Structures are given as C-alpha cells and as structure tokens.
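Each chain, letter by letter, is given below.
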Amino acid sequence: MTEKNEKTRAGWNFDNSYARLPKAFFTRLNPTLVRSPKLIILNHPLAVSLGLNDEVLQSNDGAAVLAGNRIPEGAEPLAQAYAGHQFGHFTMLGDGRAILLGEQITRNGQRYDIQLKGSGRTPYSRRGDGRAALGPMLREYIISEAMYALGVPTTRSLAVVTTGEPVIREAEQPGAILTRVAASHLRVGTFEYVSRWGTAEEVRTLADYTLQRHFPDFEAAENRYLFLLQEVIKRQASLIAKWQLIGFIHGVMNTDNMALSGETIDYGPCAFMDAYDPATVFSSIDIHGRYAYGNQPNIAAWNLARFAETLLPLLHADQHRAVKMAQDTVSGFSEQYRRHWLAGMRAKLGLLSEEPLDEALIGDLLSMMQKYHADFTNTFRALTHDKPEDTNLLGTAEFARWHKLWQARLSRQQESKEASQQLMQSANPAVIPRNHRVEEALEVAVKRGDYSVMERLLRVLTKPYAHAIEQAEYTTLPEPSTCPYRTFCGT
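On a predicted model such as this, the values are computed, not experimentally measured, just so you know.

Conventions adopted
- Residues numbered from 1 in each chain as written.
- Predicted model: local features only at pLDDT ≥ 70, side-chain atom pairs only at ≥ 80, totals over all residues.
- Heavy atoms only, no water.
- Helix = DSSP H or I, 4+ residues; strand = E, 2+ residues; numbered from the N terminus.
- Rg over C-alpha atoms; globule rule 2.2 N^0.38 Å.
- Buried < 20%, exposed > 50% of the residue type's maximum accessible area, 1.4 Å probe, protein only.
- Contact = heavy atoms within 4.5 Å.
- Areas by Shrake-Rupley, 256 points an atom, 1.4 Å probe, with all protein chains shown as cover.
- Lys, Arg positive; Asp, Glu negative; His and termini not counted.
- Charge placed at Lys NZ, Arg CZ, Asp CG, Glu CD.
- Polar contact = N/O pair within 3.5 Å; in protein donor to acceptor, adjacent residues only side chain to side chain.
- Expected span 1.5 Å × (residues − 1).
- Bend = angle between axes of the 7 residues up to and from the residue.
- 1 Å grid on protein atoms, 1.4 Å probe; cavity = no way out; pocket = protein on both sides within 12 Å on 5 of 7 lines; lining within 4 Å.
- Points joined across faces, edges and corners; volume = space filled by probe spheres on them.
- Nonpolar A, V, L, I, M, F, W, Y, C, P; charged D, E, K, R; others polar.

Enquirer: What's the story with the overall build of the chain in this structure? I'm lost.
Expert: Tallying secondary structure elements over the chain gives 17 helices and 12 strands in all. Here the C-alpha radius of gyration of the chain, 23 Å, is about what a compact globule of 491 residues would show, namely 23 Å. C-alpha extents for the chain along the principal axes are approximately 70 × 65 × 45 Å. Burial analysis of the chain (491 residues in total) assigns 56% to the buried set. Across the chain, the fraction of contacts at a sequence separation of at least 24, relative to all contacts at a separation of at least 6, is 70%. When the accessible surface of the chain is summed, it comes to about 21,500 Å², and 50% of that surface belongs to carbon and sulfur atoms. Once the 53 positive and 55 negative side-chain charges of the chain are each reduced to a mean point, those two points are 1 Å apart.

Structure, rendered in structure tokens:
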C-alpha cells in the first residue's frame, strides 16, 4: 500500500500552522521509537469526529502512529518551547516529554492539535526521561473524557498505547503514550517564553497567530491586542466557574497549564472534591494550598495578570497607558467569574429568575455543607430529587430554616416546579469520576492488565446528567480513612 493510500485510508489531514512560526518557538524532533506498541484504549467517537478511520487506528500500523514509531504523511513533529510560573516562581519549561505531530483539519474545517505525551526526551526535558507511565496516562484519559461529558471545555484523549518498555518512578511501571487532542497548546507560558527570550516583533507574531487561530473576530476590534486579552479573560472566567460548580480541583495551576483557548489542560494531580471545603487540596506538592479549590479563581486572575504583562508592548506605545489598560482589563475577571458562578449556582438550585438575596441563600447552603462535611455532588443530587434525607444536613436546625427559605424562593417563580427540577438535573451531575473509583480502575489496569473496570467507569461517566438507576453505585463515597487522599504529578 502506498503512503498516499495509507493517508487516505487513515484519514490524516494535517496542516501545521505552528510549524510555520519562527524557529525559536519550537524544536523539530521525531518521537523516540519504542519497543512494542500496543493499543490499550481508543476513543472511537472522537476519532470519527476528527475524520479518522478508527479501524485503521486499531491496526498495528495505527498503534505505530499513536506510539510515535511511524510518522503519518503530512505530520511535522515538533516540541514546543514555553516557560511559566510554577507555584509563583518563573522557570524555563517546554514540552519535555511531548511531541506535537501536527494539526488535524476535520471535514468541517476545525483545527486540532494532535500531540503524543510520553514520547521521549526533547531539548526541554531538563533531567526527565521524557517518558510516561501507564497509570497517569489512563488517568488523564478518564478525567478528560469525564470533563468533556460534564460540559467543561477540555483537551481530550484519543488513545493510550503501552510501549513495551518500563519507566522508573518510585518503582518500575509500564510505559505508555497518550494521544492528546487540543484546540491548541498555546499557553500563558508560551507568551512568557517569547516575552522573556524573544523580540517584541516575535511577541506580536505570536499574538497575531493566537488571534487568527482562536479569536477570528479580532478584525473588528479597535485594539486587537486588548481584544485578545479581553477574550482570553472571558474564556477563563467561564472555565474556572465550571470547575467550581462541579467540585473539580486542577491541582497545578501554573501559568504553563493555562490554555489560551479556554480548555482545561494537564491532568496531573487533579481530583474531585467529596466533602465541601474550600481549603481542599489533593496534590502532594501543594503543601501550602496555593492551588486549593477555593483559591482557583484568584490564581486564575494572577495567571492572567502574567499574560497581560507579556502584551504590554503591544497594548500601547506609552508604557503607563499600557499598564493601566492591562490592569483595568484583568481587574474585570473577578466580576465576570462571579456572574458565571452565580448563574451556575442558581441553576443548581433550580432558580430560573434572579433575586438580590440569592447569593446569600447559596452562601448559607455552602457554609452548612462545610460545617457538616456534606458531600458536594451528592448534596445537590439529593436536592435535585427532593430527597434531603440523602444528605447529612437533614435534622439540623440550620438546614430546616434554609430549606424553608429555598422552597419559598422557588414558589415565587413563574416557572413550574417541573421546570426547576429539569434545570437542576441538567446542572447537577449524578456521577463524577470519584477519586476512589478512578484509583480502583487504575490499580487493576496497571497491576493486572484488566481494563474492564475502567471501561465500565467510562461508560457511566459518559452521561453524568442522566440520573439513571444504574449509576447509583457510582455515587457512593469512599470508606472512611485516616490517610487523606493524595495525588501526584504524572511524571
């Protein structure tokens, strides 16, 4: 079979705009060959939506492409350069273990990055081996697909292949490569890199590229670079609100993990909150709680300020005016976030109208949930089905008063009770990727090669708002433990 026929059969359709940017932005590099690639899981609906032939991807040739052993026609592999603030400290970073194969153009003209994560060392690897272990790659697959089903903008996972080679972490683990699909891998850290080590014209080139790729309406803007800042802020305000509304904790909100497209990116030490507590932290390295659940909106604003700093030379020739423009724009994030969050919380309580005291009603409920260690997801699920007895708030005087106020608030709406319940069901997931369920699936997959538990979990997570009877077992909480749940960066 000729390469052209193979390309046509597989469906690859690359057009690599990032590879046409200045050479300082990346390093051209092929993935490192692996011993014996084996496909573990393939995202069939995603493959089809990308215009790919999922049957070809399941073949040996397909696995070779997904492992980096074979470069499909039209791909231009490269590792992207970027920098970033990690826990508030600036450092040089870059794709230390990821290779961007290229940009797949779908039948409807959409453009998506196809990236191999765990594909070997690059010039940005520092002291890393450039590889990835099977557990963290399956974890990203599960969580990213769950986030997609929950309606949260996110990078997605096309496939995971094992490499037939071990990686050494705390112990020897099977190596794996994940194929990540993203609107792009442009990050705040990309701009930080070019701003620090490039020229003002290169920053302008990157900004123009970002506008053309993600914000095509910029041509109508009076100041295109102010427009860029405004649009990135809008998307982040919406995204972070969505995280908070489902109890998602990213865990490592460094500036290199803030995608300008507005997608959630990097699923290392992420997790979902059980009992409501704004101070909840899961990441083993976040010892001071910088990226705790309740801090995520503030950290997003901090990251956006770092992005704004890189744009100062483009905003205005007068530095003082540029700084004022940036400050005024970034300061608007908090109110935009608040509007998104408040609208989402109203939906979670079935409120189809707005009243001035709604925020106090919401705040009182969250305070009770924190006081009585009520589960975040299950509390709203119980309210959705009018079963307060399924929460540990029932029986308290505070909840009795709150419930009476809530019912009175609902009664003042023109819409029916059924309309409120439908709104709540669409806003409150019945299931989330519970941390203990994810760990259960990963343990049997990695240790025994049994993927059935993970596959069943993925099927349940596909329809989180179905509120189906068969989902009930996935709503249960983990057994009490004296050891707090901890997550680790998937290195």
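Now that the structure has been shown, we can carry on.
Enquirer: How should the environment of His-214 be read in this particular structure?
Expert: Note on placement: His-214 falls in helix α7 (residues 200-214). Placed 13 residues apart in sequence, His-214 and Glu-201 show a C-alpha to C-alpha distance of 20 Å. Apart from residues lying up to four places away in sequence, His-214 is in contact with Ala-183, Ser-184, Leu-186, Arg-235 and Ser-261. Polar contacts involving the side chain of His-214 include one to the side chain of Ser-184, which spans 2.8 Å.

Enquirer: I tried to follow helix α9 (residues 296-315) on my own but got confused; where do I start?
Expert: Because an α-helix completes one turn every 3.6 residues, residues spaced three or four positions apart along the sequence face the same direction. Compared with an ideal rise of 1.5 Å per residue, which puts 20 residues at 28 Å, α9 spans 27 Å between its outermost C-alpha atoms and is within 8% of the ideal. Taken as a whole, α9 carries its principal kink of about 35 degrees at Glu-309; the proline Pro-313 stands between one and four residues after it. In terms of burial, α9 is largely enclosed, as 15 of its 20 residues are buried.

Enquirer: Would you take a moment to explain empty space enclosed by the protein for this structure?
Expert: Taking a probe equal in size to a water molecule and rolling it over the atoms shows the remaining empty space. Tallying each qualifying case throughout the model produces 2 cavities of 30 Å³ or more. The computed volume of the largest cavity comes to approximately 80 Å³. Lining the largest cavity we find 14 residues, and of these Gln-236, Trp-243, Met-253, Asn-257 and Met-258 sit closest to its centre. A breakdown of the residues in the lining of the largest cavity according to their chemical character gives 7 nonpolar, 6 polar and 1 charged. When its volume is computed, the second largest cavity comes out at roughly 30 Å³. In terms of lining residues, the second largest cavity is bounded by Leu-245, Ile-246, Lys-348, Phe-376, Thr-377, Phe-380, Asn-428 and Pro-429. At the level of elements, α8 (224-246) and α13 (376-384) are the ones that each hand at least two residues to the lining of the second largest cavity. Of the residues forming the lining of the second largest cavity, the biggest block, 3 residues, is contributed by α13. Tallied by class, residues from the lining of the second largest cavity come to 5 nonpolar, 2 polar and 1 charged.

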